[in-house]
Amino acid sequence: MNLVVMAGDDIGPEIVTAAMTVMKAADAEFSLGLRFADIEVGMASHRKNGTTLTDAALQAAMDADGVIVGPCGMTEYPPLAEGGLNIPGTIRKRLDLYANLRPARSRPGMPDARRDLDVLIVRENTEGFYSDRTMYQGIGEFMPTEDVALSVRKITRQGSRRIAKVAFDYAARRSKRITAVGKRHVLQMTDGLFMGEAFDEARAHPAIALKEMDMDAMAADIYSRPERHDVILITNMFGDILSNLAVALSGGLGLAAAINAGDKHAIANAGHGSAPDIAGKGIANPSGMILSAGMLLEWLGLRHNKPAFQQAYLAIQAAVDAALADANARTGDLGGKGNTRSFADTVVRHLRNPKLQAVAAG
C-alpha cells in the first residue's frame, strides 16, 4: 500500500510526525507492507513553487492508495490567483470524497468527557450550504443589491443516496442504529429530499433502526442523552457544527479524528485547525491525527479485505486510549504533563504490547 504524507502548516509537521511514528510501528507490528512518500505542501511549497499544492502533489494524491494530510493554515494563504489553493478542499473535489467520517467517543482519563458518548458522524461532504460546493461555475453566494446577500443550498438525490448508503454500511458493523439529522419542517425541499433518500435506503436494511431528529433538538440530546445515538447521518454544514460539539463533549478538539472518503480514495485529515499560536513548541495534541491515520487503515482494510489493517486500527485505538488514561503522557490541553513526542512514544509502547494486540485481534 502506497500512502502519500502531506504535513501541512503550523502544528501540522509536528503532529504528522507523531502520527507517522505510530503508523510505522503499526506497519512493523502487523506486517502491513506500507510505503510512505512525503510530499511538501502549504506555505513551504508556496515559497518554493509559487503554489500551496503543485500539480505533481495533486497527482501523487490521486495515484496513492491513501493520503495523510496535516492541518493547513489556509487563513494565511495568499489568494487563489497567487497560488493559495485549499489543499484538503482541492483533493476532496478531485477525488470526489463525499463522506466525511468523524467519530466522537468518551475515553479513559478525560475529565471533561460526557459519559456514554460513542457516535460516528457521517457527514455529506460535497453539497449543502457551503458556497464552494453548490455551483458548477462560480460560488453559491451572491448580492443582487448592495443590501441583500443570498446563499444557495444544494441537495441532490444522488448525493443524499450515496451518503445514506455509507451510514447504513457503518451502522451494520456497529449497533444498528442511525439518527438522521436536519430541519425538514423548515428546509422542506432540501431536507425533504435528503431524508427521503435515507428512509428509502432504510427499507433495504430492516435490521437497522432509523429515526429523524431536528438539528436543534440533536444539539441538546447529544449532551443530555448521548447513549441514544450511534451513527448520525447529516448534511454538510449541520454535520460540521455537530461534529465539533461532539468531539468537545468527548474531551477536547485535539481528539478530533476524521477521514474524507469516496468510492475509491480516502484521506486522513484531523478535524481541527493548524493552531499557529502553539506551532513549534512541541506541545500540540497529536491524538486526533494519530486516530485519523488509524481510521485510514480501517478504510483500506475494509476496501481491500485486509483484516490485518483493521486489527492495526483497533490496536491504535486501544493504544491511544491507554496513553490518554496516563496523565504523564497526555498533552496539556487535556490536563496532562506530556508533549507531542512523548504522547506518540507512549502510544507506540502500548501498541507493541502483545496483550493489547491480542485484544485487538479478538
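Residues numbered from 1 in each chain as written. Predicted model: local features only at pLDDT ≥ 70, side-chain atom pairs only at ≥ 80, totals over all residues. Heavy atoms only, no water.

Quick rundown of the overall build of the protein? Include the residues and the values.
In terms of helices and strands, the protein carries 12 helices and 12 strands. Radius of gyration (C-alpha) of the protein: 20 Å, near the 21 Å computed for a compact globule of 362 residues. Referenced to the eigenvectors of the C-alpha coordinate spread, the extents of the protein come out at roughly 55 × 50 × 40 Å. Counting the 362 residues in the protein, one finds 54% classified as buried. Of the contacts formed within the protein by residues at least 6 apart in sequence, a portion of 72% connects residues at least 24 apart. (Helix = DSSP H or I, 4+ residues; strand = E, 2+ residues; numbered from the N terminus. Rg over C-alpha atoms; globule rule 2.2 N^0.38 Å. Buried < 20%, exposed > 50% of the residue type's maximum accessible area, 1.4 Å probe, protein only. Contact = heavy atoms within 4.5 Å.)

For empty space enclosed by the protein, give the residues involved together with the corresponding values.
Enumeration over the complete set of coordinates arrives at 2 cavities of 30 Å³ or more. Of the voids in this model, the largest cavity is the one considered here, and its volume is about 60 Å³. Around the largest cavity, the lining residues are Pro103, Ala104, Arg105, Arg107, Val247, Ser250, Leu255, Ala257, Leu291, Met295 and Gln317. Every element with two or more residues in the lining of the largest cavity is listed here: β4 (99–105) and α9 (287–304). When residues of the lining of the largest cavity are assigned to their parent elements, the largest contribution, 3 residues, is made by β4. (1 Å grid on protein atoms, 1.4 Å probe; cavity = no way out; pocket = protein on both sides within 12 Å on 5 of 7 lines; lining within 4 Å. Points joined across faces, edges and corners; volume = space filled by probe spheres on them.)

Run through a nonpolar patch on the surface, naming residues and quoting values.
Residues Phe142, Val148 and Leu150 make up a contiguous nonpolar surface patch of roughly 230 Å² in combined accessible area. Its place among the elements puts Val148 in strand β7 (residues 148–151). (Patch = residues over 30% accessible without salt bridge, like charges linked within 9 Å, V, L, I, M, F, W, Y side chains within 5 Å. Areas by Shrake-Rupley, 256 points an atom, 1.4 Å probe, with all protein chains shown as cover. Salt bridge = Lys/Arg side-chain N within 4 Å of Asp/Glu carboxyl O.)

Requested: an account of the pattern of salt bridges, with residues and values cited.
Taken as a whole and assessed by the stated rule, the structure comprises 23 salt bridges. Across the salt bridge formed by Asp191 and Arg153, the nearest N and O atoms sit 3.1 Å from each other. Of this pair, Asp191 sits in helix α6 (residues 190–202) while Arg153 sits in the loop between β7 and α5 (157–173), and the two are 38 residues apart along the sequence. What makes Asp191 buried here is its relative accessible area of 0%. Arg161 is the salt-bridge partner of Glu197, the closest N and O atoms lying 3.2 Å from each other. Separated by 36 residues along the polypeptide, Glu197 in helix α6 and Arg161 in helix α5 bring together distant segments of the chain. Because the salt bridges share partners, they merge into one network encompassing Arg92, Lys93, Asp132 and Arg133.

Tell me about the packing of aromatic side chains, residues and numbers included.
Enumeration according to the criterion identifies 0 aromatic pairs in this entry. The positively charged end of Arg114 is found above the aromatic ring belonging to Tyr223, 4.1 Å away from the centroid. In this structure, Arg173 packs its charged tip against the face of Tyr170, placed 4.5 Å from the ring centre. (Phe/Tyr/Trp six-rings, centres within 6.5 Å; stacked < 30°, edge-to-face > 60°. Lys NZ or Arg CZ within 6 Å of the ring centre and 35° of its normal.)

How would you summarise the nonpolar core if you had to cite specific residues and measurements?
Counting residues in hydrophobic clusters, the biggest one holds 75 residues, and the most contacted among them are Leu101, Ile178 and Leu351. In contact with Leu101, not counting residues within four places along its chain, are Leu120, Ile121, Val122, Val166, Tyr170, Ala257, Ala258, Ile259 and Met295. Listed in part, the 17 residues of the second largest apolar core include Met6, Val41, Ala61 and Val67. (Core = buried A, V, L, I, M, F, W, Y, C linked by side-chain atoms within 4.5 Å.)

How would you sum up the pairing of strand β9 (residues 209–214)? Please name residues and give values.
When strand β8 (residues 177–182) meets β9, the two strands line up parallel, connected through 6 bridges. What sits directly across from Arg177, in β9, is Ala209. In this view, the connection linking β8 to its parallel neighbour β9 by way of α6 has right-handed handedness. (Pairing = 2+ DSSP bridges. Right-handed = clockwise from strand over helix to strand, strands pointing away.)

Before we move on, could you go through unusual backbone geometry and cite the residues and values that matter?
For Asp116, which is not glycine, the phi dihedral falls at a positive 75°. With a relative accessible area of 48%, Asp116 lands in the partly exposed category. Phi is positive for Ala275, close to 45°, though the residue is something other than glycine. For Ala275, a relative accessible area of 23% translates into the label partly exposed.

How would you sum up the side chain of Arg153? Please name residues and give values.
With a relative accessible area of 12%, Arg153 lands in the buried category. A distance of 2.7 Å separates a polar atom in the side chain of Arg153 from a polar atom in the side chain of Thr190. There is a polar contact of 3.1 Å between the side chain of Arg153 and the side chain of Thr235. For Arg153, the contacting residues outside a window of four places in its chain are Gly128, Phe129, Leu187, Thr190, Asp191, Thr235 and Phe238. (Polar contact = N/O pair within 3.5 Å; in protein donor to acceptor, adjacent residues only side chain to side chain.)

An account of the pairing of β8 is requested, with residue identities and associated values reported.
For β8, the tally of buried residues reaches 5 of 6 residues, placing the bulk of the element in the interior. Bridge count between β8 and strand β10 (residues 231–234): 4 bridges; the pairing is parallel. Looking at the pairing, Ile178 lines up with Val231 of β10.

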